[in-house]
Protein chains: 2
Amino acid sequence: MPTASDIEQMLREASLRVTRPRLAVLATVHEHPHADTDSIIAAVRAEMIDVSHQAVYDVLRVLTTAGLVRRIQPPGSVARYESRVGDNHHHVVCRGCGMIADVDCAVGDTPCLIASDDHGFDIDEAEVVYLGLCPECQPNARIN
Amino acid sequence: MPTASDIEQMLREASLRVTRPRLAVLATVHEHPHADTDSIIAAVRAEMIDVSHQAVYDVLRVLTTAGLVRRIQPPGSVARYESRVGDNHHHVVCRGCGMIADVDCAVGDTPCLIASDDHGFDIDEAEVVYLGLCPECQPNARIN
DNA sequence: ATCCATTCTTGACTGATTCCAGAAAGGGGG
DNA sequence: CCCCCTTTCTGGAATCAGTCAAGAATGGAT
């Protein structure tokens, strides 16, 4: 887990101003992977840091643009953010409880970038979402 | 393109009541792949069929549950619907204009169902979204 | 220390989707 | 072919995530 000064340095390296909301939000994303915006707001405020929800939305957009966090949008869920960037990894989403876990790509570094027919598109990224049941939800599903 | 009676039969085979809104919505999804809800409402009304937007939302949910249409939610876009179901195919989304095209899976029928570490999840589906630029948007991107 | 651009706050607003309750319509059994 | 019950449709209001706008505050280069 990065320290407060690590976080600060990340901001500086991205040529971003270092402000209290940014430090708090970025630290929170590192502490709570896959958190949605509301959870992030709650977590930041729990640290006794007073921020408007607007500021959090702004900061998350800026951090995403700067590549410091990654925004993921699982089907049927609001936007979530994570700090793991730069490696091409994907996600499993539980159909039962919505839990999200990271998975590395089975094939290679740029795994699914090969579509059978790309229709002339210039493809630069592939988002993969696996859907299934987490270990905890599997027993419940069998009962029904 | 399925005829009106094909559409009707699809509904019956799914044990769904045959109603005007359902016929119209299902036909529209066949005619306009990747349409969002608003476009579907507009297209249905253009056929002089008067439906409430609520009915369209209902019908789409019912058809999705019955497996007659598939709901897709590209990042940064509202929900869209398509009639191609049952085959495991994916989508390319253009970063420029938002256009969506179908792509078959490069690897096989159940392509990316193999995650390197599945965390104990029971995975039954993989959604893949390729992001890039469509042929039309590529020249514009180069200018910037 | 000062100044300007950037960022934050407050509060209102949009747009997609859902909830609700009553009205209407499908279709299997008679 | 008709009736009744269940499912579906209508219209309106509500919710929820996310965005817009204008003014106040703050970071950091000089």
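Residues numbered from 1 in each chain as written. Chains lettered and ligands numbered in written order. Predicted model: local features only at pLDDT ≥ 70, side-chain atom pairs only at ≥ 80, totals over all residues. Heavy atoms only, no water.

J.: I tried to follow the layout of surface pockets on my own but got confused; where do I start?
T.: In this approach the atoms are scanned with a rolling probe the size of a water molecule, which exposes any empty space left behind. Counted as a void, the largest pocket has a volume near 590 Å³. Around the largest pocket, the lining is made up of 26 residues, and of these A:Arg95, A:Leu131, B:Arg71, B:Glu125 and B:Glu127 lie nearest the centre. Looking at the lining of the largest pocket residue by residue, the classes come out as 10 nonpolar, 9 polar and 7 charged. Together, 23 residues line the second largest pocket, and A:Arg71, A:Glu125, A:Glu127, B:Arg95 and B:Leu131 are the ones closest to its centre. Every element with two or more residues in the lining of the second largest pocket is listed here: β2 (70–72) and β6 (122–133) of chain A together with β4 (89–94) of chain B. Here the lining of the second largest pocket takes 3 residues from β6(A), the largest share from any one element. The class makeup of the residues in the lining of the second largest pocket is 8 nonpolar, 8 polar and 7 charged. (1 Å grid on protein atoms, 1.4 Å probe; cavity = no way out; pocket = protein on both sides within 12 Å on 5 of 7 lines; lining within 4 Å. Points joined across faces, edges and corners; volume = space filled by probe spheres on them. Nonpolar A, V, L, I, M, F, W, Y, C, P; charged D, E, K, R; others polar. Helix = DSSP H or I, 4+ residues; strand = E, 2+ residues; numbered from the N terminus.)

J.: What should I look at first to understand the protein's contact with DNA strand D in this one?
T.: Around DNA strand D, the surrounding shell holds 21 residues, and the nearest of these are A:Gln54, B:Thr19, B:Arg22, B:Ser52 and B:Ala55. When atoms of DNA strand D within 4 Å of the protein are sorted by moiety, sugar and phosphate together comprise 65%. At 3.3 Å, a side-chain N or O of A:His53 approaches a base oxygen of DNA strand D. Within the side chain of B:Arg22, an N or O atom sits 2.7 Å from a phosphate oxygen of DNA strand D. (Near = heavy atom within 4 Å. Polar contact = N/O pair within 3.5 Å; in protein donor to acceptor, adjacent residues only side chain to side chain.)

J.: Explanation requested: the interface of chain B and chain A in the structure shown.
T.: Think of interface size as the accessible area that goes away when the parts come together; that is how it is often given. Taken together, the contact pairs 38 residues of chain B with 38 residues of chain A. Carbon and sulfur atoms make up 58% of the surface buried where chain B meets chain A, a total of about 3000 Å² over both sides. The three residues of chain B that bury the most area against chain A are B:Phe121, B:Glu127 and B:Tyr130, which together make up 21% of that side's buried surface. Counting every contact that joins chain B to chain A gives 4 salt bridges. The partner of B:Arg95 in a salt bridge is A:Glu125, and the shortest N-O contact between them spans 3.0 Å. (Contact = heavy atoms within 4.5 Å. Buried area = accessible area lost by both parts, 1.4 Å probe. Salt bridge = Lys/Arg side-chain N within 4 Å of Asp/Glu carboxyl O.)

J.: Can you help me understand the domain arrangement of chain A in this one?
T.: Residues and elements named next belong to chain A. When its domains are assigned, chain A resolves into domain 1 (4–72) and domain 2 (87–143). When domain 1 packs against domain 2, the two sides together hide about 470 Å² of surface, and 44% of this comes from carbon and sulfur. Three residues, His34, Arg70 and Ile72, lead the burial of domain 1 against domain 2; their summed loss comes to 96% of the area buried on that side. In this structure, the connection of domain 1 to domain 2 is made through 0 salt bridges. There are 3 residue pairs in polar contact (both at pLDDT 80 or more) connecting domain 1 and domain 2. In terms of residue class, the side of domain 1 that touches domain 2 is built from 1 nonpolar, 1 polar and 2 charged. (Domains from an automatic or database assignment.)

J.: Whenever I open this one, empty space enclosed by the protein confuses me. Can you help?
T.: In the structure shown here, the tally under the stated rule is 3 cavities of 30 Å³ or more. Considering only enclosed or pocket space, the largest cavity measures out at about 100 Å³ in volume. Forming the walls of the largest cavity are A:Gln73, A:Pro75, A:Glu127, A:Val129, B:Gln73, B:Pro75, B:Glu127 and B:Val129. Contributing elements (two or more residues each) for the lining of the largest cavity: β6 of chain A together with β6 (122–133) of chain B. Residue classes in the lining of the largest cavity are distributed as 4 nonpolar, 2 polar and 2 charged. Taken as a whole, the second largest cavity encloses approximately 70 Å³ of empty space. Considering the residues around the second largest cavity, the lining is formed by B:Arg70, B:Ile72, B:Gln73, B:Pro74, B:His89, B:His90, B:His91, B:Val93, B:Ile100, B:Glu127, B:Val128 and B:Val129. Looking at the lining of the second largest cavity, the elements that each hand over two or more residues are β2 (70–72), β4 and β6 of chain B.

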